[in-house]
Amino acid sequence: TQTALSRNYVYYDDNVGIGTISPTGYRLVVENTSEDLLKLHNSTDGLDSLISFTNPGGTLARIQGIDNGGLGFDVGNNAGGIISNAMFVKNNGNVGIGTTVPQTKLAIGSTQGSGIDFLYDATNNYKHQIKNYWNSNTDSRMDFNIGRTSGVTPVTIMSVGYGGNVGIGTTTPLAKLDIQGTQG
């Protein structure tokens, strides 16, 4: 059943169309001849504009237009919890994952022992890693890990940091270059 609510809005079989008379396939269909299709405007200065994705269990995700510039992507856990700014695009184009203050084109905020996984199969069983660690506020290290066997935790093959030392086969190098392991 089609009901014209005005000349710009159409209600058609439980779907709403704006700029179209046949909004099929989706609950809301917006059509326009220019590239501007939808504007979300918060009339209170100083507040963000949000799009929330929810279900009866809670918030699944949000996209935020940040008042002072930027775009935040939040993720939820379907039980009311939300991780704000899981990814953040600053108004200068810098992207932060786990940080809202990226100083470079891509900044990854981390906690002790977190970092980047390079996956090379669909099951996550094989992976290489770069992990970030710190030893108080005065020193840090970065580990390069290789996963050679399916389902086995990757092994640290090189560690760079603590005191400017580089370790191959150790995460606690005692000299500028510390190589440990068997020859072969």
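Residues numbered from 1 in each chain as written. Predicted model: local features only at pLDDT ≥ 70, side-chain atom pairs only at ≥ 80, totals over all residues. Heavy atoms only, no water.

For the structure on display, the rule yields zero aromatic pairs. For R141, the ring lying beneath its charged end belongs to Y133, and the centroid distance is 4.2 Å. (Phe/Tyr/Trp six-rings, centres within 6.5 Å; stacked < 30°, edge-to-face > 60°. Lys NZ or Arg CZ within 6 Å of the ring centre and 35° of its normal.)

This brings us to the sheet that holds strand 16 (residues 177–179). The mixed open sheet is built from six strands, whose spatial order is 11-12-13-14-15-16. Only two strands of the sheet have a single partner each, and these edge strands are strand 11 (115–119) and strand 16. For this sheet, the mean angle separating the axes of adjacent strands, direction not counted, is 15°. The pairing of strand 11 with strand 12 (residues 127–134) spans five bridges and is classified as antiparallel. Bridge pairing in strand 12 links I116 to I130. (Pairing = 2+ DSSP bridges. Helix = DSSP H or I, 4+ residues; strand = E, 2+ residues; numbered from the N terminus. Axes fitted to C-alpha atoms, helices over the stretch in contact; angles between N-to-C directions.)

One side chain can pair with another of opposite charge once the charged atoms of both are near each other. Scanning the model with the defined rule gives three salt bridges in all. Note that R62 and D74 form a salt bridge whose closest N and O atoms lie 2.9 Å from each other. A residue pair is termed long-range when its members are at least 10 positions apart, and R62 in strand 6 (residues 58–65) and D74 in strand 7 (residues 71–76) qualify at twelve residues. We note a salt bridge from D143 to R141, for which the minimum N-O separation is 2.8 Å. (Salt bridge = Lys/Arg side-chain N within 4 Å of Asp/Glu carboxyl O.)

Before going further, it helps to spend a moment on a nonpolar patch on the surface. Taken together, L37, L38, L40, I51, F53 and L60 make up a surface patch of nonpolar side chains, about 540 Å² in accessible area. Secondary-structure assignment places L40 in the loop between strand 4 (28–30) and strand 5 (49–55). Overall, the relative accessible area of 46% leaves L40 in the partly exposed class. (Patch = residues over 30% accessible without salt bridge, like charges linked within 9 Å, V, L, I, M, F, W, Y side chains within 5 Å. Areas by Shrake-Rupley, 256 points an atom, 1.4 Å probe, with all protein chains shown as cover. Buried < 20%, exposed > 50% of the residue type's maximum accessible area, 1.4 Å probe, protein only.)

Okay, the environment of H128 next. Among the secondary structure elements, H128 is positioned in strand 12. Owing to a relative accessible area of 27%, H128 belongs among the partly exposed residues under this scheme. For the pair H128 and D117, spaced eleven residues apart in the sequence, the C-alpha separation amounts to 5.8 Å. If we ignore the near neighbours within four places in the chain, the residues touching H128 are I116, D117, F118, Y120, N145, I146 and G147. A polar side-chain atom of H128 sits 3.3 Å from the main-chain amide nitrogen of G147. (Contact = heavy atoms within 4.5 Å. Polar contact = N/O pair within 3.5 Å; in protein donor to acceptor, adjacent residues only side chain to side chain.)

What follows concerns the side chain of Q64. On the secondary structure map, Q64 appears in strand 6. By relative accessible area, Q64 is classed as buried at 8%. Within the structure, the side chain of Q64 is placed 3.0 Å from the side chain of D74, a separation counted as a polar contact.

The next thing to look at is the pairing of strand 7. In this sheet, strand 7 lies alongside strand 6 in antiparallel orientation, the contact comprising five bridges. Looking across to strand 7, one finds that R62 is bridged to D74. Between strand 6 and strand 7, which follow one another and run antiparallel, lie five residues, and G69 among them has a positive phi close to 110°. Sheet topology note: the strand 7/strand 8 (residues 82–89) ladder contains five bridges and is antiparallel. Residue pairing across strands places G76 opposite I82, the latter belonging to strand 8.

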